[in-house]
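Here is what each chain is made of, one letter per residue.
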Amino acid sequence: MKKKKIVIALGHHALGTTLPEQKVAAARTARAVAGFIKDDYQAVITHGNGPQVGMIHMAMAEFCRIYPEYTSTPMSVCSAMSQGYIGYDLQNAIRTEFLNRGIYKTVSTVLTQVVVDPYDDAFYHPTKIIGRVMSAEEAEAEEKKGNHVTKVEGGYRRIVAAPKPADIVEIESVRALLEADQVVIACGGGGIPVLQQENYLRGASAVIEKDLAAARLAALIDADILIILTGVQKAYLNYGTPQETPLDDLTTAKAKQYLEAGQFEAGSMEPKIQAALDFIGNSAIRKTIITRLDDTDPDILGGQGTVIHK
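Model, not experiment: these values are computed from the prediction. (Residues numbered from 1 in each chain as written. Predicted model: local features only at pLDDT ≥ 70, side-chain atom pairs only at ≥ 80, totals over all residues. Heavy atoms only, no water.)

Draft legend 1. Structural view of the overall build of the protein chain. Secondary structure assignment for the protein chain yields eight helices and 17 strands. For a compact globule of 310 residues, the expected C-alpha radius of gyration is about 19 Å, and the protein chain comes in at 20 Å, within 12% of that figure. In terms of overall dimensions, the protein chain has a C-alpha envelope of 60 × 45 × 40 Å along the principal axes. Relative to its 310 residues, the protein chain shows a buried fraction of 49%. Of the contacts made within the protein chain by residues no fewer than 6 positions apart, 73% connect residues no fewer than 24 positions apart. Surface summary for the protein chain: the accessible area is close to 15,100 Å², and the carbon and sulfur share equals 51%. Averaged over its 32 positive side-chain charges, the protein chain has a centre that lies 3 Å from the centre of its 37 negative ones. (Helix = DSSP H or I, 4+ residues; strand = E, 2+ residues; numbered from the N terminus. Rg over C-alpha atoms; globule rule 2.2 N^0.38 Å. Buried < 20%, exposed > 50% of the residue type's maximum accessible area, 1.4 Å probe, protein only. Contact = heavy atoms within 4.5 Å. Areas by Shrake-Rupley, 256 points an atom, 1.4 Å probe, with all protein chains shown as cover. Lys, Arg positive; Asp, Glu negative; His and termini not counted. Charge placed at Lys NZ, Arg CZ, Asp CG, Glu CD.)

Draft legend 2. Here's a closer look at the sheet that holds strand 6 (residues 148–152). Spatially, three strands are ordered 5-7-6 in an open sheet, and the strand pairing comes out antiparallel. Two strands in the sheet have a free side with no partner beyond their single neighbour: strand 5 (128–134) and strand 6. Neighbour to neighbour, the strand axes of the sheet diverge by 35° on average, direction disregarded. By the bridge criterion, five bridges tie strand 6 to strand 7 (residues 155–160) in an arrangement that is antiparallel. Within the sheet, the bridge partner assigned to Thr150 lies in strand 7 and is Arg157. Packing of helix 4 (residues 136–144) onto the sheet brings it into contact with strand 5, strand 6 and strand 7, and relative to strand 5 it is tilted by some 135°. (Pairing = 2+ DSSP bridges. Axes fitted to C-alpha atoms, helices over the stretch in contact; angles between N-to-C directions.)

Draft legend 3. Just the environment of Ile129, in detail. Structurally, Ile129 is set in strand 5. Judged by relative accessible area, Ile129 falls into the partly exposed class, the value being 41%. Counting along the chain gives 19 residues from Ile129 to His148, while the straight-line C-alpha distance between them is 9.7 Å. With sequence-adjacent residues up to four places away left out, Ile129 is seen in contact with Thr150, Val152, Arg157, Arg158 and Ile159.

Draft legend 4. Here's a closer look at the nonpolar core. Within the largest apolar cluster, 48 residues are counted, with the highest numbers of intra-cluster contacts made by Val44, Leu217, Ile221 and Ile273. Those elements that provide at least two residues to this core are strand 1 (4–10), strand 4 (113–116), helix 5 (171–179), helix 6 (210–220), strand 12 (225–230), strand 13 (235–237), helix 7 (252–260) and helix 8 (270–280). In terms of residues, this core owes the most to one element, helix 6, which gives seven residues. Aside from chain neighbours lying at most four places away, what touches Ile273 is Ala235, Ala255, Leu259, Phe264, Ile290 and Ile308. (Core = buried A, V, L, I, M, F, W, Y, C linked by side-chain atoms within 4.5 Å.)

Draft legend 5. Quick peek at the pattern of salt bridges. Under the counting rule described, the total for this entry stands at 13 salt bridges. We note a salt bridge from Lys3 to Asp181, for which the minimum N-O separation is 2.9 Å. Within this pair, whereas Lys3 is found in the segment before strand 1, its partner Asp181 is found in the loop between helix 5 and strand 9 (183–185), the two being separated by 178 residues in sequence. For Lys145, the salt bridge identified is with Glu142, shortest N-O distance 3.3 Å. (Salt bridge = Lys/Arg side-chain N within 4 Å of Asp/Glu carboxyl O.)

Draft legend 6. The pairing of strand 10 (residues 192–197), seen in detail. In this sheet, strand 10 lies alongside strand 4 in parallel orientation, the contact comprising three bridges. Across the sheet, residue Val115 finds its bridge partner in strand 10, namely Val194. Pairing between strand 10 and strand 11 (residues 200–203): four bridges, direction antiparallel. Paired with Leu195 across the strands is Arg202, a residue of strand 11. The turn linking strand 10 back onto strand 11 is made up of two residues, and Glu198 within it adopts a positive phi angle of 55°.

Draft legend 7. Molecular detail of the packing of aromatic side chains. By the definition in use, this model includes four aromatic pairs. Look at Tyr236 and Tyr239: their rings are 5.6 Å apart centre to centre, the planes differ by 40°, and that puts the pair in the tilted class. Assessed through its relative accessible area of 17%, Tyr236 is described here as buried. Members of the aromatic cluster, connected to one another through ring pairs, are Phe63, Tyr67 and Tyr70. (Phe/Tyr/Trp six-rings, centres within 6.5 Å; stacked < 30°, edge-to-face > 60°.)

Draft legend 8. Main features of helix 6. Across the eleven residues that make up helix 6, a large majority, nine, are buried. Within the sequence span of helix 6, burial applies to Lys210, Asp211, Leu212, Ala213, Ala214, Ala215, Leu217, Ala218 and Leu220. Contact partners of the buried residues in helix 6: strand 1, strand 2 (41–47), strand 8 (165–168), helix 5, strand 12 and helix 8. Downstream of helix 6 by one or two residues, Asp222 has phi in the positive range, about 60°.

Draft legend 9. Highlighting the pairing of strand 16 (residues 287–292). Looking at chain direction, strand 12 and strand 16 are connected through six bridges and run parallel. What sits directly across from Ile228, in strand 16, is Ile290. Direction of pairing for strand 16 relative to strand 17 (residues 306–309): antiparallel, over a ladder of four bridges. Pairing of Ile289 across the sheet is with Val307, part of strand 17.

See the structure below:
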């Protein structure tokens, strides 16, 4: 019998911010992943990298400020670095949990590039703030390099585009590892954004929304379930108001209706709902679960989240 495929997208709560937090969070996540493997799923894990890539970018920028003879580090390279060190913690935590349960299965991290469209409207309207606070003089120098900046409290910060994921370069590697019944970690941080130029891939100064990348990944491997782990137990209508209403079961038609009505916060729940719609499409089989990874109960399929289906 063919195994079901599941993609688990880890948000900030499932990863932590600092290195010690990340190790604790990775161990908690590993318990949930092991549960799926015991239930005979094939699993692909993807994750955010907001705090981590920001830390790397700031550290590299500060290094180049102190030592100007070194060249600056592009965002695409910072994304690659974050994939490496988050994947390192995750795959070791999952391996440990597997061995503790008597599961003998390899866990592999794939350094993953995601193709974006150079004409994506996001490149003309950058929205993602990154890096340290700069002075007016430093901000002017950044703009002379062709980078975008925006005014924030205390100064200026860089701002980059968030284009939509079009394709995943290493998708055949992910499929091959799944066929070998391995657990795969891929598309970390939304993937390394690249532009296709004939046979050459050029890193883009951008970040990709990790939920949308997770949806693309899930669709390309023909997954059955996409699980989006976030900081809240469910999606809500009128979130943060006295009229707040949890959503337990949601059809794609209703989800689209609520999305168009502005019920979901931009940059927070909105991309998760959009990711669910992108992944499910017209399928009567696929479903998405949006929930929080409980510290004591790792049973994600136990009904505590919002289930979205056609």
